[in-house]
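This is what each chain is made of:
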Amino acid sequence: MRRKIAAGNWKMNGLTTAVEEAKAIADHPNGNVTTLLCPPATLLAQIAQLSLATGGQDCHTADKGAHTGDISAAQLADAGAAYTLTGHSERRTDHGEDDATINAKSAAAYAANLTAIICIGETLDVREAGDTLTLIDTQLAGSVPDTATATNTVIAYEPVWAIGTGKVPTTDQIAEVHAHIRTHLAARFTDGADFSILYGGSVKASNAAEIFAIPDVDGALVGGASLKADDFTPIIDSLAQS
Ligand code: PEP
């Protein structure tokens with residue numbers, strides 16, 4: 001049974017005043033949807049007290065040690081998280097993370113009993129060169145540990161050119177990539193049919209229903225439109241109704 005997940009990635013946004021938005025999101029009825037917020041680490045323990053799921057935005061490959069400024073999966077779990085993102089394109093770009101690093105981070109998440117939401121997706125150059133599906137295979141093969149299961153792993157397909165830009169792929173483009181991811185997972189994992197696959201990239205209330213109607217789209221990873229309850233809760237509603 002695949003989980004329907006509405007995940008909000010707050011990135012480096014949110015002061016303590018933002019906890020009020022998280023409260024409004026947590027209090028919103030979510031039906032059969034897992035509502036998940038990945039706030040900045042400074043707010044995680046506070047938001048984890050609310051009635052919603054929480055996650056980190058990244059974790060280190062080690063469970064502790066001399067890594068100034070980093071956070072471990074064990075620390076995320078200790079703060080109340082059940083999930084963590086790994087391999088978000090902003091980590092890949094800003095911090096030079098490659099598939100091997102993301103694989104190790106995802107394995108560290110499993111060791112702390114977190115579900116890893118492993119992010120993959122092509123740049124505009126790759127799409128225009130016609131290499132999207134090849135890249136998706138490379139990222140899945142490299143980033144997803146052999147120990148992945150439908151319980152400890154969620155895949156988020158996020159075309160880099162759609163993140164924070166207002167540009168959204170066509171429904172056919174999303175359907176093609178999600179079907180490809182499903183085929184890849186089904187070929188590699190015995191429970192590959194059960195992994196949740198999220199779409200991410202400029203999801204908002206006005207396009208959510210159309211995206212959630214696409215086969216093999218089990219939810220969304222949402223950046224900008226997850227910061228305010230008024231923007232995020234209609235997305236949760238659309239997913240619940242899909
Ligand atoms: C993201 O940060 O993962 C994301 C999809 O951002 P946005 O929804 O703002 O495009």
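Located above this text is the structure these notes cover.
How each quantity is defined
- Each chain carries its own residue numbering, running from 1 in the written order of its sequence.
- Per-residue local features of the predicted model are confined to residues with pLDDT of at least 70, and side-chain atom pairs are confined, for both listing and counting, to 80 or more; whole-chain, interface and lining totals are unaffected and use all residues.
- Excluded from the side-chain calculations are hydrogens and water; all other atoms, namely the structure's heavy atoms, are used.
- Here a residue counts as near a molecule or strand whenever at least one of its heavy atoms sits within 4 Å of it.
- By the criterion applied in these results, polar contacts are pairs of N or O atoms within 3.5 Å in which, for protein atoms, one can donate a hydrogen and the other can accept it, and in which residues neighboring in sequence qualify only through two side-chain atoms.
- Shrake-Rupley sampling with a 1.4 Å probe provides the accessible areas, and residues are treated as covered by the protein chains on show and by no other component.
- Side-chain classes are defined by residue name, with Ala, Val, Leu, Ile, Met, Phe, Trp, Tyr, Cys and Pro counting as nonpolar, Asp, Glu, Lys and Arg as charged, and the others, Gly among them, as polar.
- Runs of E in the DSSP output that reach at least two residues are strands. Runs of H or I that reach at least four are helices, and both are numbered from the N terminus.
- Burial classes: relative accessible area under 20% of the type maximum marks a residue as buried, over 50% as exposed, and values in between as partly exposed (1.4 Å probe, protein chains only).
- Between two residues, a contact is recorded if the distance between any of their heavy atoms is within 4.5 Å.
- A helix is expected to span 1.5 Å multiplied by its residue count minus one.
- Taken from the helix axis, the directions to the C-beta atoms give the arc we talk about.
- When DSSP finds at least two bridges between two strands, those strands are taken to pair.
- Interaxial angles span 0 to 180 degrees and are taken between N-to-C directions of axes, which are lines fitted to C-alpha atoms, for helices over the stretch in contact.

**Quick notes on the site of the ligand**
With respect to spatial proximity, 14 residues lie near the ligand, and among them K11, E158, G164, S202 and G223 are the closest. Here K11 contributes a side-chain N or O atom positioned 2.6 Å from an oxygen atom of the ligand. Expressed as a share of its isolated accessible area of 290 Å², the protein-covered part of the ligand is 95%. Here the residues of the shell around the ligand are counted per class, giving 4 nonpolar, 8 polar and 2 charged.

**Examining the side chain of T153**
Along the chain, T153 falls in strand β6 (residues 153-157). Judged by relative accessible area, which is 0%, T153 ranks as buried. A distance of 2.6 Å separates the side chain of T153 from the side chain of N152, its partner in a polar contact. Setting aside residues no more than four positions away along its own chain, T153 makes contact with R3, Y110, T115, A116, I118, A148 and F195.

**Here we look at helix α7 (residues 132-143)**
Over its 12 residues, α7 extends 16 Å from the first C-alpha to the last, a length consistent with the 16 Å expected when each residue adds 1.5 Å. Every buried residue of α7 is accounted for by T132, I136, Q139, L140 and S143. Buried positions in α7, seen along its axis, are confined to an arc of 100° and lie on one side of it.

**Some thoughts on the sheet that holds strand β8 (residues 219-222)**
Pairing is parallel in the closed barrel, where 8 strands are placed in the order β1-β2-β3-β4-β5-β6-β7-β8. Direction aside, neighbouring strands of the sheet carry axes that sit 25° apart on average. Bridging between strand β4 (residues 83-86) and strand β5 (residues 115-120) involves 4 bridges; their strand directions are parallel. Bridge pairing in β5 links T86 to I118. Packed on one face of the sheet, helix α10 (residues 229-241) meets β1 (4-9), β2 (33-38) and β8 and runs near 165° to β1.

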